[in-house]
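Structural characterization, general
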Amino acid sequence: MPYQLRNLPPSEKDYKQEFMKELTLKNPGETEFHQAVEEVVDSVIPFILENPKYYHGKILERLVEPDRIISFRVCWEDDKGEIQVNKGFRVQFNNAIGPYKGGLRFHPSVSQSVLKFLGFEQIFKNSLTTLPLGGGKGGSDFDPKGKSNREIMRFCQSYMTELSKHIGENTDIPAGDIGVGAREVSYLYGQYKRLNNKFVGVLTGKGIEYGGSKIRTEATGYGLIYFCQNVLSHIGEDFNGKECIISGSGNVAQFASKKLIELGAKVITLSDSTGFIHVPEGLSSEHLKFVSELKLERKGLAEFSKKFGHEFIPGKKPWHIKADLAFPCATQNEITEDDAITMVNNGVRGVFEGANMPTTAQATKIFLDNKLLFGPGKAANAGGVAISGLEMTQNSMRMSWNEQDVDEKLKQIMAEIHRSCVKYGEEKDFVNYVKGANIAGFIKVAEAMLAYGVY
Ligand code: NDP
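**Notes on the site of the ligand**
Lining the immediate environment of the ligand, one finds 25 residues, of which Arg105, Asp177, Thr220, Ser273 and Asn356 sit closest. Here Asn356 contributes a side-chain N or O atom positioned 2.8 Å from an oxygen atom of the ligand. Burial of the ligand by the protein amounts to 81% of the accessible area it has alone, namely 900 Å². Looking at the shell around the ligand, the elements that each hand over two or more residues are helix H8 (216-234), helix H9 (251-262) and strand S7 (266-272). Its residues placed into classes, the shell around the ligand shows five nonpolar, 13 polar and seven charged. Residue-level mapping places the shell around the ligand at the junction of two domains, with at least three residues from each of domain 2 (68-198) and domain 3 (219-380).

Take a look at the structure:
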């Protein structure tokens, strides 16, 4: 049944129940998407009911329906000459405040539901950055693991052959995500350029030599730590001597670790899809260099243990290790309710999401009920897309800013995101950063949508 016109706003509980029921009916089986929407709805519905113009404008109902979803076949030939077929997607979710912007994920778990959850989150995240960026996300169920460089190149070229019809420097500007790093972005960009005979900023995360921005590679990890630094300083604390557990060992985890070490914290774990390493005395820059090389070769963390002799715990996540702060930087739903209970009992004081939606809804509730400092991904990991936005600016201006300038801008943006979260999330003796991020992200997009009229 379509959403009905309601003259009088219902109660908060009725609105939420009715809204989630209809969302689930209209988007069957898309559990990740339902989860991402429910988290936003929890914070935003009370605000909408206090400001009925958003209710009568049906902003929430319109926001959860993507502008369009492009779904296509990606055929490519492997090194044995065999034809392979993958699914390709681009979800163009909302361009109310700027062109669609969001990464591409290449991973076997990619589905329409996963990309809709990521694209939906991206709308709010991009709005929080203060930059004119809409929300989108794309990817494929292609698994880059175990593929040769040539296979990855042929896949990227085939994927871009279709995607190029739908993107543009003022329309939709993809970037990297899981499984899409500098190498993949370069193959994708090379193919776009070849097909369109244009050198424009249609992708971000490009190599420095061909239009990339300084600090883009580091931006998500650094931004995460700058955001956390703002949270700590809000309560009069800093990183000095704090023990940190991190999951993941890819782009975000590596640069978050680097910045934490620089700021005086101790990083005692990293993980990957095979298990985690535990280094009680804290990782060194030599350790990080090794992890970075290991991951470029797409090898597992057991190799780290072989090289340095530190403990590798196969098949497990690091959440039972005692620490002050936790930074999930691998993938969605990696902190469950049980993990959250263990972390609270272990005295963890803050959790900052480097990954997108790494904490389940039940685990988030436990963190908030126990008044942990909890930085949701849409605020805490927005540094990456923010510098992507600045890469677009530099491309348009045909200029390249230096490292210090970009780093300074990143710090300013993360501080501004923190301020917005506090503005809308401050409660009696606690800042609810989830509520703050959702409402602050929502307002700008909602105002633009109201201004455009019914569409
Ligand atoms: P990478 O591909 O560089 O690294 C991902 C890491 O997570 C790897 O260590 C990988 O292990 C691990 N991982 C992936 N899937 C699983 C799984 N199912 N179980 C356990 N471990 C897993 O990706 P990024 O660092 O770029 O991204 C990490 C997270 O950060 C994602 O949620 C992404 O959406 C989010 N993010 C990234 C941004 C960016 O700029 N890159 C921006 C904002 C958010 P293995 O090495 O074994 O594959």
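**So, the packing of aromatic side chains**
By the definition in use, this model includes 27 aromatic pairs. Plain terms: the ring middles of Phe142 and Phe155 are 3.9 Å apart, the flat faces sit at 5 degrees to each other, and that makes the pair stacked. With Phe142 in the loop between strand S4 (135-140) and helix H6 (149-163) and Phe155 in helix H6, this pair connects stretches of sequence that are 13 residues apart. Plain terms: the ring middles of Phe155 and Tyr159 are 6.0 Å apart, the flat faces sit at 25 degrees to each other, and that makes the pair stacked. One end of the pair, Phe155, and the other, Tyr159, are both in helix H6, four residues apart, so they sit about a helical turn from each other. Overall, Tyr159 belongs to the buried group, its relative accessible area being 0%. Members of the aromatic cluster, each reached through a chain of ring pairs, are Phe72, Trp76, Phe106, Phe142, Phe155 and Tyr159. Seen from the ring of Tyr222, Lys259 lies directly overhead, with NZ or CZ sitting 4.3 Å from the centre.

**Regarding the pattern of salt bridges**
When charged atoms on two side chains of opposite charge get close, those side chains can pair. Taken as a whole and assessed by the stated rule, the structure comprises 28 salt bridges. Notably, a salt bridge pairs Lys116 with Glu30, separated by 2.6 Å at the nearest N-O pair. Of this pair, Lys116 sits in helix H5 (residues 112-128) while Glu30 sits in the loop between helix H1 (12-26) and helix H2 (31-50), and the two are 86 residues apart along the sequence. According to the relative accessible area criterion, Lys116 is buried, its value standing at 3%. Of the charged contacts in the structure, one is a salt bridge between Lys259 and Glu262, with a shortest N-O distance of 2.9 Å. You can see Lys259 and its partner Glu262 sitting in helix H9, three residues apart, about one turn around the helix. A cluster of three or more residues bridged by salt bridges with shared partners is formed by Lys16, Glu38 and Asp42.

**Here we look at the sheet that holds strand S1 (residues 68-77)**
Pairing within the open sheet is mixed, and its five strands lie in the order S1-S2-S4-S3-S5. Lying at the two open borders of the sheet, with one neighbouring strand each, are S1 and strand S5 (172-175). Strand-to-strand twist of the sheet, defined as the mean angle between neighbouring strand axes without regard to direction, takes the value 20 degrees. By the bridge criterion, four bridges tie strand S3 (residues 100-106) to S5 in an arrangement that is parallel. Considered in S5, the bridge of Gly103 is made with Ala175.

**Concerning the packing of H1 against H2**
Interaxial distance between H1 and H2 falls to 10 Å at its minimum, and their mutual angle equals 150 degrees. As the angle between them shows, H1 and H2 are arranged roughly antiparallel. Like other packed secondary-structure pairs, H1 and H2 cross with a definite hand, here right-handed. Where H1 approaches H2, its residues Glu12, Tyr15, Lys16, Phe19, Met20, Leu23 and Thr24 are matched on the opposing element by Phe33, His34, Val37, Glu38, Val41, Asp42, Ile45, Pro46, Ile48 and Leu49. Looking at side-chain class alone, the contact of H1 with H2 contains eleven nonpolar, two polar and four charged residues.

About the thresholds
Residues numbered from 1 in each chain as written. Predicted model: local features only at pLDDT ≥ 70, side-chain atom pairs only at ≥ 80, totals over all residues. Heavy atoms only, no water. Near = heavy atom within 4 Å. Polar contact = N/O pair within 3.5 Å; in protein donor to acceptor, adjacent residues only side chain to side chain. Areas by Shrake-Rupley, 256 points an atom, 1.4 Å probe, with all protein chains shown as cover. Helix = DSSP H or I, 4+ residues; strand = E, 2+ residues; numbered from the N terminus. Nonpolar A, V, L, I, M, F, W, Y, C, P; charged D, E, K, R; others polar. Domains from an automatic or database assignment. Phe/Tyr/Trp six-rings, centres within 6.5 Å; stacked < 30°, edge-to-face > 60°. Buried < 20%, exposed > 50% of the residue type's maximum accessible area, 1.4 Å probe, protein only. Lys NZ or Arg CZ within 6 Å of the ring centre and 35° of its normal. Salt bridge = Lys/Arg side-chain N within 4 Å of Asp/Glu carboxyl O. Pairing = 2+ DSSP bridges. Axes fitted to C-alpha atoms, helices over the stretch in contact; angles between N-to-C directions. Parallel < 35°, antiparallel > 145°, perpendicular 65-115°, else oblique. Left-handed = near helix turned anticlockwise from the far one by under 90°. Contact = heavy atoms within 4.5 Å.

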